[in-house]
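Coordinate analysis (summary)
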Amino acid sequence: MNSNAVIAIHGGAGTILRASLSASAETEYHAALHAVLSAGQRILADGGSALDAVSEAVRLLEDCPLFNAGRGAVYTAAGTHELDAAIMDGSTLQAGAICCVKRVRNPILAARSVLERSEHVLFTGDGAEAFAAAQGLEFVEPAYFDTEARHRQWLLARDQQRAVLDHDGATLAATVTASFQKGEGEPMPHEPIDPNRKFGTVGAVALDQHGHVAAATSTGGVTNKQVGRVGDTPLIGAGCYADDATCAVSTTGSGEMFMRMVAAYDVAAQMAYRNVSLQEAAHDVVMNRLPKIDGRGGLIAVDARGNVTLPFNTEGMYRGFARLGETPVTAIYR
Ligand code: ASP
């Protein structure tokens, strides 16, 4: 039995605006991360698989409206929600993913069904929903994913006719803050990481007591994205990857850049081909390679020896990890 079992999670990365800091919101985020880590930790402590730990952690994060996945997902340009998720088992290299689903309550469970019960890896839209329905997964009305905070975020983005991933030049967040100062409009609910410049997405990676790793990632995508747009999250190798021989990785950030860098797989590939440590490989991807194409965000990763790394190149990333028998560690800022 491997006594280095560990789980790590993230709830998105982004820019922290001083104006949006609120002690009570911060406490709420820490508490949510702590609860999810404790649940994952229990599964691992009971001898459960890394696959079970990451799918349960991501399911809980999807159900929590604080994060941009499942309930609390961001809005598309049409005012709808389109959800993506992926999961991978490092012991078998089996993977499952779904994208552009609108009514599956927990996209990660649909991805897991694909992994376990389909010869395919990725299903999209209507086909993904038909597959999920055939597996008996829970469906909800699209309004289930609505939250007031994300709706306001979308209205702001839409008014500016942009997808909120554009971090060049003046930011939407800065604009919004300026308009508050002028007394226009209602302030957004306070979040420790400015919601307008945050890459949402949730993810988990784990090493179990049997020495196996797994990764899972789930997202609503980016605010005001075009209908049908798919980011890195459900793409194996870009937003999610796991291989016992190297590591398990879950990413969050500007999805287009993570796709172009095949970011999650690059961490594993660097370990395999350059023979570098988990930390060195992850650091290179996040701090050197992604910034070359303006890729912003971060990732979480574990290897089969129980090493954990959580690098990000933004001001903050909701994150944490928990080892067996130890109090979970959570953090938001650098
Ligand atoms: N990577 C996600 C996407 O592009 C967004 C995020 O991480 O918040 O869909």
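Residues numbered from 1 in each chain as written. Predicted model: local features only at pLDDT ≥ 70, side-chain atom pairs only at ≥ 80, totals over all residues. Heavy atoms only, no water.

1. Let's talk about the UniProt feature "active site" (unreviewed entry) in the chain
Those residues carrying the UniProt feature "active site" (unreviewed entry) are Thr-201 in this numbering. When sequence neighbours within four positions are dropped, the list of residues in contact with Thr-201 reads His-10, Gly-11, Gly-12, Asn-68, Thr-217, Ser-218, Thr-219, Thr-233, Thr-251 and Thr-252. (UniProt positions renumbered as here; feature names shortened; annotations may be inferred. Contact = heavy atoms within 4.5 Å.)

2. Digging into helix α9 (residues 278–292)
Side chains three or four residues apart in an α-helix point the same way, a direct result of the helix having 3.6 residues per turn. Counted at 1.5 Å a residue, the expected span for α9 with its 15 residues is 21 Å, and the 21 Å between its end C-alpha atoms agrees. At Val-285, α9 shows its maximal kink, close to 35°. Contacts made by the buried residues of α9 are with β9 (247–253), α7 (255–260), α8 (263–274), β10 (297–303) and β11 (308–309). Phi turns positive one or two residues past the end of α9, at Asp-294, with a value near 65°. (Helix = DSSP H or I, 4+ residues; strand = E, 2+ residues; numbered from the N terminus. Expected span 1.5 Å × (residues − 1). Bend = angle between axes of the 7 residues up to and from the residue.)

3. Thoughts on the pattern of salt bridges
What the rule picks out here adds up to 12 salt bridges. When the shortest N-O distance is used, the salt bridge between Arg-229 and Glu-256 registers 2.8 Å. You can see Arg-229 sitting in the loop between β7 (213–219) and β8 (240–242) and its partner Glu-256 sitting in helix α7, a full 27 residues away along the chain. Under the relative-accessibility criterion, Arg-229 is labelled buried at 14%. For Glu-256, a relative accessible area of 30% puts it in the partly exposed group. Arg-274 is the partner of Glu-280 in a salt bridge, and the nearest nitrogen-oxygen pair spans 3.6 Å. (Salt bridge = Lys/Arg side-chain N within 4 Å of Asp/Glu carboxyl O. Buried < 20%, exposed > 50% of the residue type's maximum accessible area, 1.4 Å probe, protein only.)

4. Comments concerning the UniProt feature "binding site: substrate" (unreviewed entry) in the chain
Mapped onto the present numbering, the UniProt feature "binding site: substrate" (unreviewed entry) falls on Arg-229, Val-230, Gly-231, Asp-232, Thr-252, Gly-253, Ser-254 and Gly-255. By the secondary structure assignment, Val-230 is in the loop between β7 and β8. In contact with Val-230, other than residues within four places in its own chain, are Asp-84, Cys-99, Cys-100 and Met-259. Looking at where Thr-252 falls in the secondary structure, it is placed in strand β9. Of the residues examined, Thr-252 reaches a relative accessible area of 1% and is grouped as buried.

5. A look at the sheet that holds β11
Overall, antiparallel pairing links the 4 strands, which are arranged β8-β9-β10-β11 in an open sheet. Single-partner strands in this sheet number two, and they are β8 and β11. Looking at chain direction, β9 and β10 are connected through 7 bridges and run antiparallel. Note that in β10 the partner of Cys-247 across the bridge is Asp-303. Set on the sheet, α8 makes contact with β8, β9 and β10; between it and β9 the angle comes to about 145°. Along the sheet, α9 makes contact with β9, β10 and β11, crossing β10 at roughly 165°. (Pairing = 2+ DSSP bridges. Axes fitted to C-alpha atoms, helices over the stretch in contact; angles between N-to-C directions.)

6. Observations regarding the packing of helix α1 (residues 23–45) against helix α2 (residues 50–63)
Angle between the axes and distance between the axes: these two values describe a pair of packed helices. Direction vectors running N to C along α1 and α2 enclose 160°, while the axes themselves pass 9 Å from each other. When the axes of α1 and α2 are compared, the pair comes out roughly antiparallel. Every pair of crossing elements has a handedness; the one defined by α1 and α2 is right-handed. Across from Val-36, Ala-39, Gly-40, Ile-43 and Leu-44 in α1, the residues of α2 making contact are Ala-50, Asp-52, Ala-53, Glu-56, Ala-57, Leu-60 and Leu-61. (Parallel < 35°, antiparallel > 145°, perpendicular 65-115°, else oblique. Left-handed = near helix turned anticlockwise from the far one by under 90°.)

7. A look at α1
The terminal C-alpha atoms of α1, which comprises 23 residues, lie 32 Å apart, in line with the 33 Å expected from a rise of 1.5 Å per residue. Of the residues making up α1, those classed as buried are Ala-25, Tyr-29, Ala-32, Leu-33, Val-36, Leu-37, Ser-38, Ala-39, Gly-40, Gln-41 and Leu-44. A positive backbone phi angle near 85° is found at Gly-47, which sits one or two residues after α1.

8. Some details on the side chain of Thr-233
Relative to the helices and strands, Thr-233 is located in the loop between β7 and β8. Excluding residues that lie within four positions of it along the chain, Thr-233 makes contacts with Asp-84, Ala-85, Ala-86, Thr-201, Thr-217, Ser-218, Thr-219, Gly-239 and Cys-240.

9. Points about the pairing of strand β1 (residues 6–14)
The element β1 is extensively covered by neighbouring structure, given that 9 of its 9 residues are classed as buried. As judged from the 7 bridges shared by β1 and strand β12 (residues 316–323), these two strands associate in the antiparallel manner. By the bridge assignment for β12, Ile-7 is matched with Ala-322. Taken together, the 5 bridges between β1 and strand β6 (residues 202–207) define a ladder with antiparallel strand orientation. Residue pairing across strands places Ala-8 opposite Val-205, the latter belonging to β6.

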